[in-house]
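Structural features, examined
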Amino acid sequence: MAPSRRCDPHIDFKPVNWGSVVFDFNLFAEAVLGKPLAIGAVITILLSLAVSGVSLAISLGIGALATSHRRSVRWTISSYVWFFRGTPGLLVLLVIWNGLPQLVPAFRAAWFSPFLAAFIALTLIEIAYLSEILRSAYSAIDPGQREGAAALGMSRSQTFFLVILPQAFRVAVPNLINELISLVKSTSLATIISLKELMTVTQFAIATSFQFLEWYGAALVYYLVIVSVLTVLQHRIERRLSRGIASSKSTTTGRPDPVPGTQPS
Amino acid sequence: MTTNQQTAPIVELQKVSKWFGESQVLHDVDLAVADGEKVVVCGPSGSGKSTLIRCINHLEHHQQGRILVDGVELTDQTRRIDTVRREVGMVFQHFNLFPHLTVLENCTLAMRWVRRMRRADADELAMTFLKRVQLSQKAASYPSQLSGGQKQRVAIARALCINPRVMLFDEPTSALDPEMIKEVLDTMVELARDGMTMICVTHELGFAKNIADRVIFMDVGRIVESGPPNSIFSAPTHERTKRFLSQLLH
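What you are looking at is a predicted structure, and each value in this text was computed from that prediction instead of being measured.

1. Some details on the overall build of chain B
Broken down by element type, chain B carries 9 helices and 10 strands. At 18 Å, chain B has a C-alpha radius of gyration in line with the 18 Å of a compact globule built from 250 residues. Residues counted as buried form 58% of the 250 residues belonging to chain B. Nonlocal contacts in chain B, meaning residues at least 24 apart in sequence, comprise 65% of its contacts between residues at least 6 apart. Only carbon and sulfur atoms are counted for the fraction: they give 47% of the accessible area of chain B, which is about 10600 Å².

If you want it as structure tokens, here you go:
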């Protein structure tokens, strides 16, 4: 395509030439609205949802166990967290995709798809991060809450699900969503094992068209939209969970609080 | 040790000892509280008075001796602990209300999940207790929207909701601003007049004189002196009690 001779930077869906910059807005619009990226985005979203759902469910339990008084339990969990926080996501992906079939013959079958491999790898990593977030959220809850529930005759599991978890969740939500946003972007690593998510589709398109910026820009639009949705969701959830908390930070009186574990006001 | 022998004691401690690590915080404490009796426990900080009443519903574990509540001995068995906790209501210094639940939900949580009551029944019963502490108009509020005195009255209503036979008060007015202490004490006096068995750790001597059948003075994990409020406050026999009372009155 011949660049326009005009140098004014106004946008008119023709190849525009700003000095030496050429950007084909038609192609960009086609890429954003076209089918390949949309399908890639669906895979990205499905992978993110599956990983976050499963890892969150597991981490709720692991985060609670991390405050166990049994040293072996705490040690096991902290080693797990240490290992998967210390290993690059790319390496975990490659080990699961290439290494696992080498180790376990069952994984050499066709059902072991890139999607499944990416799901396993990212879930293993997410559990490490989410359980760490939840561990600190659980420990932020005033020990008096447990005692209050215990004094009412509530069992440990009732206390956990009805008293501790709702409060810990409120504390954890900003960090959890933050982690989720980072997960959405981490799914792009799965391009290395040829999962046809957003980035893989983008690179395929570039390989045939050599129009880098148009396709990168289109992929960027998708990521930004997904993250924007999550941000809106975060505000909604935070507002919902902060009922009863927003009007006052302290749950006790205005007096300085000498009880350990509660914040001095 | 003065024990009220007219009826079988509802709470009985026999030679109860407890250690926090190396330091012994309770030394062979004997105590029997009769049904309907009001006992005020006082003493300097670190005397073990809070630990003592926290042992009665097993928020703290005692290591030696026996604790019986309504004939049930407290052991480490979870089922026994739960049985005892249903007979014993507790009010804490820092209220320990659940901030994510409304006042009404705070009161009904245990009724619905421990007593397995239907929601409508639980709500109705909770409202009668909230009326009793004069806070029925705050049923839909969250704890953070209440004053300290109101929070403590809600905590009292919440404890009453499980229909306890004994109420434990662990310094219920110590975290309150002075102008809010009275409303909480009034609620407690009313409860006492209704015949509730009460064990209160408090420094409110006026309250003790007004309602206590017996005052117990503790120091370094031992019951030093025990008797009716008049004799303890006007004629303490023990040197440690005299010193403590003189400090409290000045």
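Picking up after the structure, the text goes on.
2. Some words on the sheet that holds strand β8 (residues 197–201) of chain B
Residue and element names in this part refer to chain B. Strand order in the open sheet formed by 6 strands is β6-β7-β8-β3-β9-β10, with mixed pairing between adjacent strands. This sheet does not close on itself; its edge strands, each paired only once, are β6 (88–91) and β10 (222–227). For this sheet the average axis-to-axis angle between neighbouring strands, irrespective of direction, equals 20 degrees. By the bridge criterion, 5 bridges tie strand β7 (residues 166–170) to β8 in an arrangement that is parallel. Paired with Leu168 across the bridge in β8 is Ile199. Here helix α5 (residues 148–161) sits on the sheet in contact with β6 and β7, set at roughly 170 degrees to β6. Against the sheet, helix α6 (residues 178–193) touches β3 (38–42), β7 and β8, its axis set at about 150 degrees to β8.

3. What to know about unusual backbone geometry
Residues and elements named next belong to chain B. Of note, Asp28 is a non-glycine position whose phi angle comes to about 40 degrees, a positive value. Turning to its location among the elements, Asp28 is positioned in strand β2 (residues 23–34). With phi around 35 degrees, Val220 is a residue other than glycine that occupies positive phi space. Looking at the element boundaries, Val220 is found in the loop between β9 (214–219) and β10.

4. Section: the environment of Arg243(B)
In this structure, Arg243(B) sits in helix α9 (residues 239–249). Linking Arg243(B) and Lys209(B), residues 34 residues apart in sequence, is a C-alpha distance of 18 Å.

5. A look at the environment of Ala208(B)
All names here are of chain B. With respect to the element layout, Ala208 can be found in helix α7 (residues 205–211). What makes Ala208 buried here is its relative accessible area of 1%. Separated by 168 residues in sequence, Ala208 and Val40 place their C-alpha atoms 6.2 Å apart. If sequence neighbours within four positions are ignored, Ala208 has contacts with Val40, Val215, Pro229 and Phe233.

6. Points about the packing of aromatic side chains
Applying the stated criterion across every chain, the model contains 13 aromatic pairs over all chains. Each ring, one from Tyr138(A) and one from Phe160(A), has its centre 5.5 Å from the other, and the planes form 55 degrees; the classification is tilted. One end of the pair, Tyr138(A), is in helix α5 (residues 114–139); the other, Phe160(A), is in helix α7 (residues 156–186), and 22 residues separate them in sequence. On the basis of relative accessibility, which here comes to 4%, the residue Tyr138(A) falls in the buried class. A relative accessible area of 15% places Phe160(A) in the buried class. Through pairs of rings, three or more aromatic residues link up here, namely Tyr80(A), Trp82(A), Phe83(A) and Phe84(A). Sitting over the ring of Phe98(B), Arg158(B) keeps its end group 4.5 Å from the ring centre.

7. Some details on the interface of chain A and chain B
Residue-level contacts link 28 residues of chain A with 32 residues of chain B. For the pair chain A and chain B, the interface holds 1 salt bridge. Connecting chain A to chain B are 6 residue pairs in polar contact (both at pLDDT 80 or more). Listed by contribution, the elements that provide at least two residues to the side of chain A that touches chain B are α6 (143–151) and α7 of chain A. A total of 7 residues in the side of chain A that touches chain B trace back to one element, the largest contributor, which is α6(A). The residue inventory of the side of chain A that touches chain B, partitioned by class, reads 11 nonpolar, 13 polar and 4 charged.

8. Focus: helix α8 (residues 198–209) of chain A
Residue and element names in this part refer to chain A. Between the first and last C-alpha of α8 there are 17 Å, a value that for 12 residues agrees with the 16 Å anticipated at 1.5 Å per step. What α8 keeps buried is the set Leu198, Met199, Thr200, Val201, Thr202, Ala205 and Ile206. Of the surrounding secondary structure, the elements contacted by the buried residues of α8 are α2 (35–65) and α9 (212–241). Measuring from the backbone nitrogen of Met199 back to the side-chain oxygen at the start of α8 gives 3.1 Å, which picks out Glu197 as the cap. The positive-phi residue at the C-terminal boundary of α8 is Phe210, with phi of around 55 degrees.

Conventions and cut-offs
- Residues numbered from 1 in each chain as written.
- Chains lettered and ligands numbered in written order.
- Predicted model: local features only at pLDDT ≥ 70, side-chain atom pairs only at ≥ 80, totals over all residues.
- Heavy atoms only, no water.
- Helix = DSSP H or I, 4+ residues; strand = E, 2+ residues; numbered from the N terminus.
- Rg over C-alpha atoms; globule rule 2.2 N^0.38 Å.
- Buried < 20%, exposed > 50% of the residue type's maximum accessible area, 1.4 Å probe, protein only.
- Contact = heavy atoms within 4.5 Å.
- Areas by Shrake-Rupley, 256 points an atom, 1.4 Å probe, with all protein chains shown as cover.
- Pairing = 2+ DSSP bridges.
- Axes fitted to C-alpha atoms, helices over the stretch in contact; angles between N-to-C directions.
- Phe/Tyr/Trp six-rings, centres within 6.5 Å; stacked < 30°, edge-to-face > 60°.
- Lys NZ or Arg CZ within 6 Å of the ring centre and 35° of its normal.
- Salt bridge = Lys/Arg side-chain N within 4 Å of Asp/Glu carboxyl O.
- Polar contact = N/O pair within 3.5 Å; in protein donor to acceptor, adjacent residues only side chain to side chain.
- Nonpolar A, V, L, I, M, F, W, Y, C, P; charged D, E, K, R; others polar.
- Expected span 1.5 Å × (residues − 1).

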